[in-house]
Amino acid sequence: MGQLQLWLAILAGLSGITAQEDLYRKVFVFRKDPSDAYVVLRAELEQPLQNFTVCLRSYTDLTRPHSLFSYATKAQDNEILLFKPKPSEYRFYVGGKFVTFRIPEGRGDWEHVCASWESATGIAEFWLNGKPWPRKGLQRGYTVGAEAAILLGQEQDAFGGGFDVYNSFSGELADVYLWDAGLSPEKMRAAYQSLRLPPAVLAWKSLSYEVKGDVVVKSRLREVLGP
């Protein structure tokens, strides 16, 4: 009976399951490369976004381009996108336009990133492992639509679809958050350190999600925080 329950749980994880749970010290494992798998995140935004912050933690040995966080509306497929075209570069999209942040190539370890944007000034911030990069200008005066499809692991070229498997993610993702506001430097560092955070539109500790394809929820193998 125990084995039967285990196999049912595995099949549910592979075929699609909707859940809301505290994922503290857990990760999404995207097992295949390339892959058509992804995770749908459920969030109810009350109004369009004039400001936002998105944070997540990733662990991968991919050297090809891959998408981490994709927020698409029916009007704009790259409304918000965190994309890594190569190991030494991140692209942060708002409303179809992007800025590039160049980073040292990874050492085969977890990377924690936060990206924030405010409409009034068009300022885009990027933080890597608790440290800020030089701020850049992006889409001043723009408004991010509220009715969105939010996905992990695939880049949307259409609302909720249009995937290219060679832009898919393979590896582990954790600590995904979305706020409808900019975060202070202290809160950016707190996100990196997994400390107490303000209420969020999407929160890892109360995440509503649906797995599509070969993605498994597992415990972390080790602590991922830096000093």
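In this text, all values refer to a predicted model and were calculated from it rather than measured experimentally.

Conventions used here
Residues numbered from 1 in each chain as written. Predicted model: local features only at pLDDT ≥ 70, side-chain atom pairs only at ≥ 80, totals over all residues. Heavy atoms only, no water. Phe/Tyr/Trp six-rings, centres within 6.5 Å; stacked < 30°, edge-to-face > 60°. Helix = DSSP H or I, 4+ residues; strand = E, 2+ residues; numbered from the N terminus. Buried < 20%, exposed > 50% of the residue type's maximum accessible area, 1.4 Å probe, protein only. Salt bridge = Lys/Arg side-chain N within 4 Å of Asp/Glu carboxyl O.

A.B. asks: What's the story with the packing of aromatic side chains in this structure? I'm lost.
C.D. replies: How two aromatic rings sit relative to each other is set out by the distance from centre to centre and by the angle between their planes. Per the stated rule, a full pass over the model turns up 13 aromatic pairs. Between Phe52 and Trp117, the aromatic rings sit 5.8 Å apart at their centres with planes inclined by 40°, giving tilted as the arrangement. Within this pair, whereas Phe52 is found in strand S4 (residues 51-59), its partner Trp117 is found in strand S9 (residues 111-118), the two being separated by 65 residues in sequence. Considered together, Phe52 and Trp117 belong to a single accessibility category, that of buried residues.

A.B. asks: Quick question: what am I supposed to make of the pattern of salt bridges here?
C.D. replies: Two side chains of opposite charge can pair, provided their charged atoms sit close to one another. By the definition in use, this model includes 11 salt bridges. In this structure, Glu89 engages Lys86 in a salt bridge whose closest nitrogen and oxygen atoms are separated by 3.9 Å. Here Arg220 makes a salt bridge to Asp175, at a shortest N to O gap of 2.6 Å. Of this pair, Arg220 sits in the segment after strand S16 (215-219) while Asp175 sits in strand S14 (residues 171-179); the two residues are 45 residues apart in sequence, bridging distant segments of the chain. Each member of the pair, Arg220 as well as Asp175, carries the same accessibility label: buried. Through salt bridges with shared partners, one network takes in Arg42, Glu210 and Lys212.

It is worth stressing that arrangement in space is one thing and function is another; only the former is reported here.
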